[in-house]
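# Residue-level structural notes
One letter stands for each residue in the lines below.
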Amino acid sequence: MGKLSLITKGIIKENPTFVLVLGMCPTLGTTTSAINGMGMGLATTFVLILSNMVISAIAPLIPSKVKIPSYIVVIAALVTVLQFLMQAYVPALYATLGLFIPLIVVNCIVLGRAEAFACKNSVVDSALDGIGIGLGFTCSLTVIGFVRELLGGLSVFGTKLVEGDGMLAFVLAPGAFLVLGYLMVLFNKAKK
Amino acid sequence: MEYILIIISAVFVNNILLAQFLGVCPFLGVSNKVSTAVGMSGAVCFVMAVATLVTYLVQYYLLVPLGIEFMQTIAFILVIAALVQMVEIILKKISPALYQALGIFLPLITTNCAVLGVAILVVSKPFGFGGAEPDMFNLAESVVYAIASALGFGLAMTLFAGMREQLELSNVPKAFKGVPIALITAGILAMAFMGFSGIVK
């Protein structure tokens, strides 16, 4: 497998949201607008790349019995670093995403990649895998956020397109489930 | 009275699954049958109540006095992971029947974001019910909130499992099969729960 395909596979073939159906909580909870979705995606990507690298480096040293707890501690430490960085540089985004930033710790994508990929591969490959899967996740979240923002608020990336009220339900909770469901159907159709 | 408001709010109005999107992975993963959904909800209820109790004490008697609140994420996830492990060992010893029933769900709960989510929620923002001044939860309120949230999780999960059992029998278009139709069903269920909004301010 070429180095390039490590990055590109996460976007379509192994897309974490539409194909693997992982990390659903942030996917549904933070995609009220395209910017929020993208912010959440990039935050997760940051943790994913670093956790993949750290775990692939230390994996040979960890006894298999305490594997999962050790991975969780590594991920939790990286999330704490991310919390500090976001509070310092993007406080508004940090406030909007709120609870979902500490919850990256229990995002199954991060732990899943650590267990399925990083612990068996080299540091460089793991970093590339993190970039690929992270990009795939960011793209999906941005698309979902884009659709919800467009239908719910009639705006694109925060800019109002036409005056008037959109279908508010799409910004609220039910819209998250509906938009993700229908996008998944389109994704399935397009893949055939 | 305030406890009743907390319970109604957490179960119906701000349902943890359908309004706050916590714990969606097990919601989609193990909700194929009503019986497994009930088992999972029972396990979550138990762990969530104990985890919130312990993390509340950790927050106010360990992290705050030492001035290291930024260690919250690491401390809480360790507490939850250790707790799940302990619950598993204790249950195995004192109630093998219950262990048999909950056994397979327990390890999954460590990574259920609803548990960590509720633990962080109750210590991070003030709540105000029925027009009362928003105030940080005390210990009893936190535990009541955790149990009520878990009940809300169980309610949504059981309703959804019932619907999915029916979906199995119906003729779903190919592209909608599996997760997509489940998500759309969940969307409609979430709309039904929106009807409760406004009951508790």
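Residues numbered from 1 in each chain as written. Chains lettered and ligands numbered in written order. Predicted model: local features only at pLDDT ≥ 70, side-chain atom pairs only at ≥ 80, totals over all residues. Heavy atoms only, no water.

### Some remarks on the overall build of chain A
Helix and strand content of chain A: eight helices and two strands. Each helix and strand of chain A, placed in order from N terminus to C terminus, yields the pattern α-α-α-α-α-α-α-β-β-α. For chain A, whose C-alpha radius of gyration is 17 Å, the value lies close to the compact-globule estimate of 16 Å for 192 residues. Dimensions along the principal axes, computed over C-alpha positions, put chain A at roughly 60 × 45 × 25 Å. Here chain A, with 192 residues, has 53% of them falling under the buried criterion. (Helix = DSSP H or I, 4+ residues; strand = E, 2+ residues; numbered from the N terminus. Rg over C-alpha atoms; globule rule 2.2 N^0.38 Å. Buried < 20%, exposed > 50% of the residue type's maximum accessible area, 1.4 Å probe, protein only.)

### Some details on the pattern of salt bridges
Residues and elements named next belong to chain A. Overall, the coordinates contain three salt bridges over all chains when judged by the stated rule. Between K67 and E115 there is a salt bridge, with its nearest N and O atoms 3.4 Å apart. You can see K67 sitting in helix α4 (residues 67-89) and its partner E115 sitting in helix α6 (residues 108-116), a full 48 residues away along the chain. D129 is paired through a salt bridge with R113; the nearest N and O atoms lie 2.9 Å apart. Placement of D129 in helix α7 (residues 123-153) and of R113 in helix α6 is noted, with a sequence separation of 16 residues between them. Residue class for R113 comes out buried when judged on its relative accessible area of 11%. Where salt bridges share partners, they join E14, R113 and D129 into one cluster. (Salt bridge = Lys/Arg side-chain N within 4 Å of Asp/Glu carboxyl O.)

### Let's talk about the confidence of the model for chain A
Across chain A, the average pLDDT comes to 86, with 99% of residues at or above 70. Ranking the elements of chain A by mean pLDDT puts strand β2 (residues 159-160) of chain A last with 76 and helix α3 (residues 34-58) of chain A first with 92. (pLDDT = per-residue confidence, 0-100.)

### Re the interface of chain A and chain B
It is common to give the size of an interface as the accessible area that goes away when the parts come together. Between chain A and chain B, the contact holds 36 residues from the first and 35 residues from the second. With both chains or domains summed, chain A and chain B bury close to 3,000 Å², and 88% of this area falls on carbon and sulfur atoms. On the chain A side of the interface with chain B, the three residues burying the most area are C25, V106 and F177 of chain A, jointly 21% of the side's total. Linking chain A to chain B there are zero salt bridges. Secondary-structure elements contributing two or more residues to the side of chain A that touches chain B are α2 (24-29), α4, α6 and α8 (173-191) of chain A. Examining the composition of the side of chain A that touches chain B, we find that twelve residues originate from one element, α8 of chain A, more than from any other. Taken together, the residues that form the side of chain A that touches chain B break down as 28 nonpolar, six polar and two charged. (Contact = heavy atoms within 4.5 Å. Buried area = accessible area lost by both parts, 1.4 Å probe. Nonpolar A, V, L, I, M, F, W, Y, C, P; charged D, E, K, R; others polar.)

### As for the packing of helix α7 (residues 113-124) of chain B against helix α8 (residues 139-169) of chain B
All names here are of chain B. The geometry of α7 relative to α8 is characterised by a closest axis approach of 10 Å and an angle of 145° between their N-to-C directions. Of the two elements, α7 crosses α8, and the hand of that crossing is right-handed. Contacts between α7 and α8 involve V118, L121 and V122 on the former and, on the latter, S142, Y145, A146 and S149. Taken together, the residues that form the contact of α7 with α8 break down as five nonpolar, two polar and no charged. (Axes fitted to C-alpha atoms, helices over the stretch in contact; angles between N-to-C directions. Left-handed = near helix turned anticlockwise from the far one by under 90°.)

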